There are 2 protein chains.
Amino acid sequence: MEMIRSNFKNNLHKVYQAIEEADFLAIDGEFSGISDGPSVTALTNGFDTPEERYHKLKKHSMDFLLFQFGLCTFKYDSTDSKYIMKSFNFYVFPKPFSRTSPDVKFVCQSSSIDFLANQGFDFNKVFRNGIPYLNQEEERQLREQYDEKRSQSNGAGALSYISPNASKCPVIIPEDQKKFIDKVVEKIEDLIQNEENKNLDLEPCTGFQRKLIYQTLSWKYPKGIHVETLETEKKERYIVISKVDEEERKRREQQKHAKEQEELNDAVGFSRVIHAIANSGKLVIGHNMLLDVMHTIHQFYCPLPEDLSEFKEVTTCVFPRLLDTKLMASTQPFKDIINNTSLAELEKRLKEAPFNPPKVESAEGFPSYDTASEQLHEAGYDAYITGLCFISMANFLGSFLSPPKIHVSARSKLIEPFFNKLFLMRVMDIPYLNLEGPDLQPKRDHVLHVTFPKEWKTSDLYQLFSAFGNIQVSWIDDTSAFVSLSQPEQVQIAVNTSKYAESYRIQTYAEYVEKKHVDKQNKRKWTENSWKEVERKRLKTQCTSYSPQSRYYCVNSFTATSAVGKRNMSPIQEEAGSEDIESVEISDCELDQTDSCARKNSLQPEASPAVLPSSLKFLIHGSQQLERRKQGLGFREITRLAPLGSHTVFNLIKCGVGVV
Amino acid sequence: MEMIRSNFKNNLHKVYQAIEEADFLAIDGEFSGISDGPSVTALTNGFDTPEERYHKLKKHSMDFLLFQFGLCTFKYDSTDSKYIMKSFNFYVFPKPFSRTSPDVKFVCQSSSIDFLANQGFDFNKVFRNGIPYLNQEEERQLREQYDEKRSQSNGAGALSYISPNASKCPVIIPEDQKKFIDKVVEKIEDLIQNEENKNLDLEPCTGFQRKLIYQTLSWKYPKGIHVETLETEKKERYIVISKVDEEERKRREQQKHAKEQEELNDAVGFSRVIHAIANSGKLVIGHNMLLDVMHTIHQFYCPLPEDLSEFKEVTTCVFPRLLDTKLMASTQPFKDIINNTSLAELEKRLKEAPFNPPKVESAEGFPSYDTASEQLHEAGYDAYITGLCFISMANFLGSFLSPPKIHVSARSKLIEPFFNKLFLMRVMDIPYLNLEGPDLQPKRDHVLHVTFPKEWKTSDLYQLFSAFGNIQVSWIDDTSAFVSLSQPEQVQIAVNTSKYAESYRIQTYAEYVEKKHVDKQNKRKWTENSWKEVERKRLKTQCTSYSPQSRYYCVNSFTATSAVGKRNMSPIQEEAGSEDIESVEISDCELDQTDSCARKNSLQPEASPAVLPSSLKFLIHGSQQLERRKQGLGFREITRLAPLGSHTVFNLIKCGVGVV
């Protein structure tokens, strides 16, 4: 169903209902661009840390506009063993709703716009008929404005026409305005004397003059008249004055309040859909969804926080349960039988054996998509086939059970290992961003950081390292790159060999990280004040894990039903202690496994090797976590990272552990 | 005529012809936004200097996209005493023409987009079918790329398939690619042996592999085969190898060259229209056209220079003769009889007495506009009515001649006083930006600079200065504003009175300018290098008025016909001397006249008082200027600014000076 400004209000209840009844939701966004800085290659370096990747995307992708949002809800009908699907395609645009509302500026990237244009994207629908929205802060401010006006008009006998800054004493009228104001007062006197006339339209005048009129009348006539500003057809503003009794005044007041409430709802607009998704606590599926999640939060909730850990907290509040189908498809048992994890290819692959195409029908009154005639890159369609992919893969997991199950629900424990882990595109040795705790920290002891003249090309690096056998190059910018060798032992040889080189410089990954850290510290020292600020912040963080700000996003009452209880958390004290430090310690043995695994697969360009921390963890996940919360350990949970690469979901199930 | 990507090439000759035969051109642009920083009020402060205004617009307006360009050409038909008009409405979009071409990012301002959407603007036409363009530097780079390729393939027996970076010795093949390359070589050996086959399609492979193939073949088979990269329908790139003799090779080479030339022309795209306008040297009319001119230069020529004076030089090269109808309408003899100078109102006003609506018809095959059903804010329509306004006003000037003339041509000396002066919106005492020399420098000795807490509003300032009679407030930002008093003598009283104030601070305009200058100097001292840079630049400027860069814009040969010879200038040496300094000296008397004039009119919000430097200057303008050029005085001409406000064109003509 196409959702635009003109039909949004009338159909919003259908969206609410679809979310309410759904087993899971699939989403997708289309943006006006991807990167306003580096090329996508540099934006997604193979050895980015999750922090670096987050900061790069935050810096270079958030000024674009998410202008189409696809939402597809899936509800399982057990009688007919099929899914009923409702698809919504929202066009979104920050249309200023009044002269004082935020005038959003957003960036467009020509290549992205051209790409969408070639797909038949309808820009007129976005710009002429896109649904407006407000983030939480803008909504709060607007609500306050209305509240302030209302409290002034209700309290202490003040009247509706008092502007927020009106003084209670005679206002000082500039010399050149005195004549004008005197004339207005004269007219009002006439109105009050005259029994026949009830209303008086003043001539259009300037904003300053209107202010003077409001102030003068508030002081001269505290009761008995109602003052209102209207607009002519030519958009000139003028004041209407009417004589009213107390009852009439109240009726007008209520009318005004109802109208304001509706205006406010209209202004919040599309954000109400995101609030409904957040409040539902339903599983939300996306394909390669990190950017979608970041944009959604940035545009409809709040500017993205500086720290990755804070971003994780906010995300957990907005989207309590996320599942990324690109990560799922790149993970065992799918990894070995799925070559191409791009959405279109994945959808095709999952129609063939050993997978089964899912039985999905459109709900009555909703248009259906035909996957044979692709409508890729329409957000609603992409969300739809993302949902199809999820169903096929989830059902496939059921085939390993004994007895096998044909239908695996969105509530099944089989899929929990994939929760809240977002695919990290083109990172070689960290398959996902872990929203539920610290990220993997592979040692990268086979990686070199190389700087060189900007004329160098990949082939020059291949030539430089030709003695070292297979290498892999990950460009950082014009003059630097990471080079990974096949053997960690070669690293020191390369560094030693390069000591007297003039045109290039080689350091180990560890040296590079250390130097970067020191540089960052020095930069912070520049102004002592800002340094002190950082220190204060650090101390503060040790005391509380939830800032008042992030608490704000949790105020909506979640209708929690599952054991994954993060969205039920309330702000709690976090004890700073040794355990906190232990949580980021990882044994050498574990990291070696990640490394070797990454290297083995290093020739695959996009399908990063992905293995999920599993063991039996996910079976005890919910209750254990809940227990820890009660003990007051907060968000940074003290879960040791499980061994990688060995015990995957696939193995686990083959070992005969019966999970449903 | 609507001009989009799909019909541009076929209709470009019509544009060229229309420009060629025209008496004058009118232009207008539509942008994706106005200001990405301050509000328009702060962007256009009433006491901006021309430098400040230029810098603000450059900083806050140039990241938007000019995406619709209107061009309307007017040719006078003396037989029927009417103008024949050809109108073109170009949709412009920086569609990347290849994978390596610039990927332009541009900003959109929601309010501007919403405004255009309400006018029925077709965004799909821009984004799906906009005409691409390149600025001069991009064009140069692309041309060089092609030239380099060609010179390599022509010179020293090298072959067409040599990539620019190919080495002349055996290339080093990475270990893991050796097998792949060996296989390719084997296939080519087969092709060469086999007499039946002429062509060989290789499998699609990576860019790196293609490079290795090119390099290997260039070394192994310097003659006898032709190598080309093609694309499959799925956009996968693959290499085609064919056996060719010398003749066939040359034919292919020429074919390729012609195709490249066409590609290059397509890429330069809409910029060719602007080049044609520049080369024609025709009078170009616009309404409030400073932003149009800045955007046109920025988008189709070069990033705007840092200095206003350099901007003036570049502008004079791109648009040798400009006329701004908003300035014209705000200047005597029009000022007194035209109340509202907004384009729509002006057009209506000029249909009534004492003006005569001009006789204008569309050329055959060109659609006509109906001014009764307004299509305002379509660039082509706006350009059209701008042209109408110009004709009416120019003809009106003819009515003062004896005998009166009904038709005043675009070549008449009567309109020369309005040349190359662009309306400065909302500046109180400087009506225009003078492209032909230094700008007016009013003393502003009745102006105060006030800083205050950010809670203050205009009324607080009125209150503060209530003892001083009429004042005028020009907001700079949240915490500062200029306040102009009616009497310069009051200034010192205000400053003295404020000495012990705590919440606000008052300084004279002169003190403010001085302090700003010092601040700027201090800022420059921060890094000594950058300071030296400035110094070097300053010295350089004293020696040459034309930088090599600005010379670049003048290479196109102008077909000069009139005496206004600026566009014929070639780079010349400028003598630094006392005359140069004299040129910016203005007598107190002159400035007082400007001031009092400005103050008198200070209540009109938009129609700035505009008076043109006139005296008899414009009569001797052309020849005098040309003479000075010959003497090597260069651009900064040593014209003393004429007395303001007294001798206007109107007076001049009334005084009986016969000008045609």
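Check the entry above for the structure.
The structure displayed is predicted, hence computed values, not measured ones.

### Observations concerning the interface of chain A and chain B
Of the residues lining the interface, 39 residues belong to chain A; the matching set on chain B comes to 38 residues. Overall, the association of chain A and chain B removes approximately 3400 Å² of surface from exposure, summing both partners, and the carbon and sulfur fraction of that is 58%. Of all residues in chain A, the largest losses of buried area upon contact with chain B belong to Lys105, Ser110 and Phe127 of chain A, amounting jointly to 16% of the total for that side. Scanning the region where chain A abuts chain B turns up 2 salt bridges. Measuring nitrogen to oxygen at the nearest pair gives 3.0 Å for the salt bridge that ties lysine 95 of chain A to aspartate 114 of chain B. For the pair chain A and chain B, the number of links is 20 residue pairs in polar contact (both at pLDDT 80 or more). Put simply, the parts of the chain that give the side of chain A that touches chain B at least two residues each are strand 5 (105–109), helix 4 (110–118), helix 5 (123–129), helix 8 (207–220) and helix 16 (458–464) of chain A. Among the elements that line the side of chain A that touches chain B, the one with the most residues is helix 4 of chain A, at 6 residues. Tallied by class, the residues present in the side of chain A that touches chain B amount to 17 nonpolar, 12 polar and 10 charged. As judged from the 5 bridges shared by strand 5 of chain A and strand 5 (residues 105–109) of chain B, these two strands associate in the antiparallel manner. Bridge pairing in strand 5 of chain B links cysteine 108 of chain A to phenylalanine 106 of chain B.

### Details of the sheet that holds strand 8 (residues 237–243) of chain B
Residues and elements named next belong to chain B. One open sheet holds the 3 strands; their spatial order is 6-8-7, and the pairing between them is antiparallel. Taken across any chain shown, the strands that pair with only one partner, and hence form the sheet edges, are strand 6 (199–201) and strand 7 (225–231). Across the sheet, the mean angle from the axis of one strand to that of its neighbour is 20°, orientation sign disregarded. In this sheet, strand 8 lies alongside strand 6 in antiparallel orientation, the contact comprising 3 bridges. Of the residues in strand 8, the one forming a bridge with asparagine 199 is serine 242.

### Re the sheet that holds strand 6 (residues 199–201) of chain A
Residue and element names in this part refer to chain A. Taking strand neighbours across the sheet as the criterion, the 3 strands line up as 6-8-7 in an open arrangement whose pairing is antiparallel. Single-partner strands in this sheet number two, and they are strand 6 and strand 7 (225–231). The mean angle between the axes of side-by-side strands here comes to 20°, regardless of whether they run parallel or antiparallel. Summarising the sheet, strand 7 and strand 8 (residues 237–243) pair through 7 bridges and their orientation is antiparallel. Bridge pairing links valine 227 to isoleucine 241 in strand 8. Helix 8 rests against strand 7 and strand 8 of the sheet, and its axis sits at about 170° to strand 7.

The rules behind each value
- Residues numbered from 1 in each chain as written.
- Chains lettered and ligands numbered in written order.
- Predicted model: local features only at pLDDT ≥ 70, side-chain atom pairs only at ≥ 80, totals over all residues.
- Heavy atoms only, no water.
- Contact = heavy atoms within 4.5 Å.
- Buried area = accessible area lost by both parts, 1.4 Å probe.
- Salt bridge = Lys/Arg side-chain N within 4 Å of Asp/Glu carboxyl O.
- Polar contact = N/O pair within 3.5 Å; in protein donor to acceptor, adjacent residues only side chain to side chain.
- Helix = DSSP H or I, 4+ residues; strand = E, 2+ residues; numbered from the N terminus.
- Nonpolar A, V, L, I, M, F, W, Y, C, P; charged D, E, K, R; others polar.
- Pairing = 2+ DSSP bridges.
- Axes fitted to C-alpha atoms, helices over the stretch in contact; angles between N-to-C directions.

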